[in-house]
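Residue-level listing of the chains:
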Amino acid sequence: MAVSPELEGLRHIEPSRFVSFSFPSPLLRDASDPYGGGAGEFLRVAVLDSPLPSPPVLRTAAMLVPAGRHRDWIFSTRAGHLHLLLSSQYSRLILVGPELSAPSPRVVTRVARPDPDPAHARLLPLLLALCPMAAFRDNAVPDVPLLSFHDDLLRLAPVKVVAGPVVGDMVVEDVAVDCAPGPAELRRRLRFKRMPCLVQTQVRLAWQSPAAASSSLLEALEKEGTGGSLQPEAGGLLVQPYGPYLQAMVAGLAVIAPSMEKRIQSGVKPRCLCAGVGGGSLPMSIRVGLQFSVLGIEADAVVLDVARNYFGLVENEFLRVHVGDAIQMIQDFAHQAEPDMNFGAIMVDLDSSDAMCGVSAPPLEMTHGSLLLAARKILDQHGVLILNVIPPAADGSFYQGLVDVLRQVFSELYEIDVGNGENFVLVATVSPIETTLTDNSGQFLTELRKLAGDFLRHINKI
């Protein structure tokens, strides 16, 4: 039988190679079929090789796409596939699921798979055929485990898919989140296609009126999907588990709590520049929860429209948002040197525009000393720069390089490990810090604890 050159090439690992094809389903009409026959006669098989240097022993793994989620960008795009691969520590990851043309339900409900999964045996001949030749050293048959995808979603319903001129396609979704041992919560979240595994924003949903709260949240999601009776909670406060890095960013303000307390007591609102707005959770939280005056800069006007229409972003005299390049605006503000462009804090929540090497943040420009000097110039004497950092998996030197250049420009540097295996928050101060968190317990720090939670305990000077 003739084999296409693409499939023939799979005999060897080639960094970042991505191949997808249709294959007659070995699960069809079998009790192990996770799709109940709904996938049709063919399955979509996608193969991705790691961009990282190959280890001495090449290991291949596979994953079944969860039922109903084959169109989810996590499983249907190269960017999502890459995130799954880099999280698995394998050299090659094979995704198996329905073809993208197969129908999907309006509301996806999580269905647990048995462990071990009986579908593994039916798929094993295909999986072995897709292993690189080097995996069969000494005539050994390689182990190709069938990995399971786990998240905390009980149900998922797309609300709106739109495209922006900068970030591209994005999706607003209502999800029911398993918060065991507590009750499930209904939330609205925003994801970008270019980085589908990263939740950009997530807010709780609440009943629009008390009369509507007669049924459970799960029932509301099942019946309505986008349900007009459910709306984002006022204020857009940060929620777990997809808000931890945002909480950690807010926690970074604790290092300058004494100066913030003095400002508030004198009747002056602290000013914050948010580089990156997304769904608006971060600027809304510090505006409502900490009484800051906030200027948000977002590159994509469509993202701001989504934030206003679906996530409760409300602009007023103390929360203004502008469309533009946040990095360029920081440089422009520094050049203009105008008094009203001086801030107590700059919070940078920008991801890299190149997702082909995995999720990473901030953009490479933030490692340039000239930009960091510009940021320092528009911070006041007791100001602080707070960065959300996701080191790219393919470049282990990125994080240390960023730390080194921050040390050259700023007085002191602090780190918060978000604890999710991806995010770190770096906090750089203009001036030396003369007090510690335990030295003050004013109103600002009291309100900050409500937003930042336990992250105040994880601020470490580096």
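Look up: the structure comes first, before these words.
Residues numbered from 1 in each chain as written. Predicted model: local features only at pLDDT ≥ 70, side-chain atom pairs only at ≥ 80, totals over all residues. Heavy atoms only, no water.

Attention now goes to the overall build of the protein. In terms of helices and strands, the protein carries 13 helices and 19 strands. For the protein, with 462 residues in total, the buried portion stands at 52%. Contacts spanning at least 24 positions in sequence make up 71% of the contacts within the protein whose residues lie at least 6 apart. Total accessible area computed for the protein in this model is approximately 20400 Å², and 54% of it derives from carbon and sulfur atoms. (Helix = DSSP H or I, 4+ residues; strand = E, 2+ residues; numbered from the N terminus. Buried < 20%, exposed > 50% of the residue type's maximum accessible area, 1.4 Å probe, protein only. Contact = heavy atoms within 4.5 Å. Areas by Shrake-Rupley, 256 points an atom, 1.4 Å probe, with all protein chains shown as cover.)

Axis separation between helix α6 (residues 244–251) and helix α8 (residues 281–290) bottoms out at 11 Å; the angle between their running directions is 45°. Classified by the angle their axes make, α6 and α8 are oblique. Remark: the crossing between α6 and α8 carries right-handed chirality. Residue-level inspection shows L246, M249 and V250 of α6 in contact with α8, the latter providing S281, L282, I286 and L290. Grouping the constituent residues of the contact of α6 with α8 by class yields six nonpolar, one polar and no charged. (Axes fitted to C-alpha atoms, helices over the stretch in contact; angles between N-to-C directions. Parallel < 35°, antiparallel > 145°, perpendicular 65-115°, else oblique. Left-handed = near helix turned anticlockwise from the far one by under 90°. Nonpolar A, V, L, I, M, F, W, Y, C, P; charged D, E, K, R; others polar.)

This part is about the sheet that holds strand β7 (residues 153–164). In space, the six strands of this open sheet follow the order β5-β7-β8-β9-β10-β11, with antiparallel pairing throughout. Of all strands in the sheet, those bounded by a partner on one side alone are β5 (108–109) and β11 (230–232). Pairing analysis gives six bridges linking strand β9 (residues 185–192) to strand β10 (residues 195–207), with the strands arranged antiparallel. In the sheet register, L190 faces β10, and the bridge partner there is T201. Packing of helix α9 (residues 301–310) onto the sheet brings it into contact with β7, β8 (168–177), β9 and β11, and relative to β7 it is tilted by some 135°. (Pairing = 2+ DSSP bridges.)

A word on the sheet that holds strand β15 (residues 343–348). Here eight strands make up an open sheet; going across it, the order is β14-β13-β12-β15-β16-β18-β17-β19 and the pairing mixed. Each end of this open sheet is capped by a strand with a single partner; those strands are β14 (319–323) and β19 (459–461). For this sheet the average axis-to-axis angle between neighbouring strands, irrespective of direction, equals 20°. Here strand β12 (residues 271–275) pairs with strand β13 (residues 293–298) via five bridges, running parallel.

What follows covers helix α11 (residues 369–377). Residues three or four positions apart in an α-helix share a direction because the helix packs 3.6 residues into each turn. All of the buried residues in α11 are L371, L372, A374 and A375. Across the axial projection of α11, the buried residues extend over an arc of 155°, all falling on one side. Structural note: α11 exposes S370 and K377 on the side pointing more than 90 degrees away from its buried face. At its buried positions, α11 is contacted by α10 (326–336), β15, β16 (379–389) and α12 (398–409). (Arc of directions from axis to C-beta.)

The next thing to look at is the nonpolar core. Here is a general trend for soluble globular proteins: nonpolar side chains tend to be buried in one another's company. If you look at the biggest cluster of nonpolar residues, it comprises 43 residues, and the most contacted ones within it are L253, L290 and L448. When residues in this core are grouped by element, the largest group, six residues, is from α6. Once residues lying within four places of it in the same chain are set aside, the contact partners of L253 are L290, F292, A345, M347, V384, I386, F444 and L448. (Core = buried A, V, L, I, M, F, W, Y, C linked by side-chain atoms within 4.5 Å.)

Another point: the pattern of salt bridges. In the structure shown here, the tally under the stated rule is 22 salt bridges. Between R113 and D117 there is a salt bridge; the shortest N-O distance is 2.6 Å. By relative accessible area, which is 35% here, R113 ends up partly exposed. Judged by relative accessible area, which is 15%, D117 ranks as buried. Between E412 and K461 there is a salt bridge, and its shortest N-O distance comes to 3.4 Å. (Salt bridge = Lys/Arg side-chain N within 4 Å of Asp/Glu carboxyl O.)

Okay, the environment of T77 next. Mapped onto the elements of the fold, T77 is located in the loop between α2 (73–76) and α3 (78–88). Residues T77 and K193, 116 residues apart in the sequence, show an inter-C-alpha distance of 8.0 Å. Not counting residues within four places of it along the chain, the set of residues in contact with T77 comprises K193 and P196.

On to the side chain of R188, then. Relative to the elements of secondary structure, R188 occurs in strand β9. Its relative accessible area of 4% is what places R188 among the buried residues. Within the structure, the side chain of R188 is placed 2.7 Å from the side chain of D174, a separation counted as a polar contact. (Polar contact = N/O pair within 3.5 Å; in protein donor to acceptor, adjacent residues only side chain to side chain.)

This structure, assessed with the given rule, holds four aromatic pairs. Between F292 and F444 the ring centres are 6.2 Å apart and the planes differ by 40°, which places this aromatic pair in the tilted class. Placement of the pair is F292 in the loop between α8 and β13 and F444 in helix α13 (residues 443–452), with a sequence separation of 152 residues. For the pair F292 and F444, a shared accessibility class is recorded, and that class is buried. Measuring from ring centre to ring centre gives 6.4 Å for F333 and F343, while their planes differ by 35°; the resulting arrangement is tilted. Of this pair, F333 sits in helix α10 while F343 sits in strand β15, placing them 10 residues apart in sequence. Directly above the ring of F318 sits K269, whose terminal nitrogen or CZ lies 4.6 Å from the centroid. (Phe/Tyr/Trp six-rings, centres within 6.5 Å; stacked < 30°, edge-to-face > 60°. Lys NZ or Arg CZ within 6 Å of the ring centre and 35° of its normal.)

The next point concerns the packing of α8 against α13. Close contact between α8 and α13 brings their axes to 10 Å; oriented N to C, the two are set at 140°. When the interaxial angle is binned, α8 and α13 end up oblique. Considering how the two elements wind past one another, α8 and α13 form a crossing that is right-handed. Counting all contacts with α8, which are made through S285, G289 and L290, the residues of α13 involved are F444, E447, L448 and L451. Its residues assigned to classes, the contact of α8 with α13 shows four nonpolar, two polar and one charged.

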